[in-house]
Amino acid sequence: MSSPDSAPVPAPTTDLRSGPPLHEACRPLSALVGVWRGSGEVDYPTIDGPYRFGQQLTLAHDGRPFLRHEARAWLLDADGAVLRPAAWELGWWRPQPDGTVELLLSHSTGIQELFSGTTTGQRWELATDSVVRTATAKDVQAARRSYALGPDDVLELTEHRAMVGVAMTQHVTARLHRVR
Ligand code: HEM
């Protein structure tokens, strides 16, 4: 019997060997499914950086033609100790029949983004089509994000952002390793 807190439909899974089969449409994204963790560097012309941070990214599926995205980050001190929680985003990857991919991201900071992009081998390049903000959110205009999976199974994240009056400039770069 299912536990009281689980819905009576397949639970999202990061394990491609059990649970519902990955939907055919998600095949271009299959290498991304899993739990990834690692560290990176964040900086921007308006902040007092660079800072080191840790990040965990979970990409799960329930057999339907999309992936569920969750990424949490935390700032690190020079010795690698956790200073405090940082960015937290939730979203959905929606692969399309023409080979493009849509990504919806919702940030805890009051920002919602719609990205569109491409899959080229083991590289995913995305750029925002639209960004909307709550009344109190910071002025984020646009972003470009890429994930690239190297032969050493390292997932490299790079993100450029146009925000708070600055043109598109790198904000985040990270190297994540598969933990599951
Ligand atoms: C791994 C992901 C990220 C990390 C570790 C990170 C970290 C930081 C840090 C440390 C700052 C300096 C202010 C502070 O200490 O809080 C900052 C500023 C900022 N970040 Fe990020 N960030 C990340 C992703 C994002 C994303 C996804 C967005 C937009 C949706 C974003 C938008 C901003 C903005 C608007 C500022 C303020 C700039 C300013 O007012 O000068 N960041 N970020």
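Residues numbered from 1 in each chain as written. Predicted model: local features only at pLDDT ≥ 70, side-chain atom pairs only at ≥ 80, totals over all residues. Heavy atoms only, no water.

As annotated in an unreviewed UniProt entry, the protein chain carries the name Peroxynitrite isomerase and is attributed to Saccharopolyspora hordei. The heading Pathway (unreviewed entry) in the UniProt record of the protein chain holds the text "Nitrogen metabolism." Turning to the protein chain, the UniProt annotation filed under Catalytic activity (unreviewed entry) states: "peroxynitrite = nitrate". (UniProt positions renumbered as here; feature names shortened; annotations may be inferred.)

Draft legend 1. Focus on a nonpolar patch on the surface. A cluster of nonpolar side chains, namely Trp92, Leu104 and Leu114, defines an oily patch on the protein surface of about 250 Å² accessible area. Position of Leu104 relative to the elements: it lies in strand β5 (residues 100-107). Residue class for Leu104 comes out partly exposed when judged on its relative accessible area of 30%. (Patch = residues over 30% accessible without salt bridge, like charges linked within 9 Å, V, L, I, M, F, W, Y side chains within 5 Å. Areas by Shrake-Rupley, 256 points an atom, 1.4 Å probe, with all protein chains shown as cover. Salt bridge = Lys/Arg side-chain N within 4 Å of Asp/Glu carboxyl O. Helix = DSSP H or I, 4+ residues; strand = E, 2+ residues; numbered from the N terminus. Buried < 20%, exposed > 50% of the residue type's maximum accessible area, 1.4 Å probe, protein only.)

Draft legend 2. The UniProt feature "short sequence motif: GXWXGXG" (unreviewed entry) in the protein chain, seen in detail. Following the UniProt record, the feature "short sequence motif: GXWXGXG" (unreviewed entry) maps to residues 34-40 here. With 0% helix and 100% strand, the stretch residues 34-40 has end C-alpha atoms that lie 19 Å from each other.

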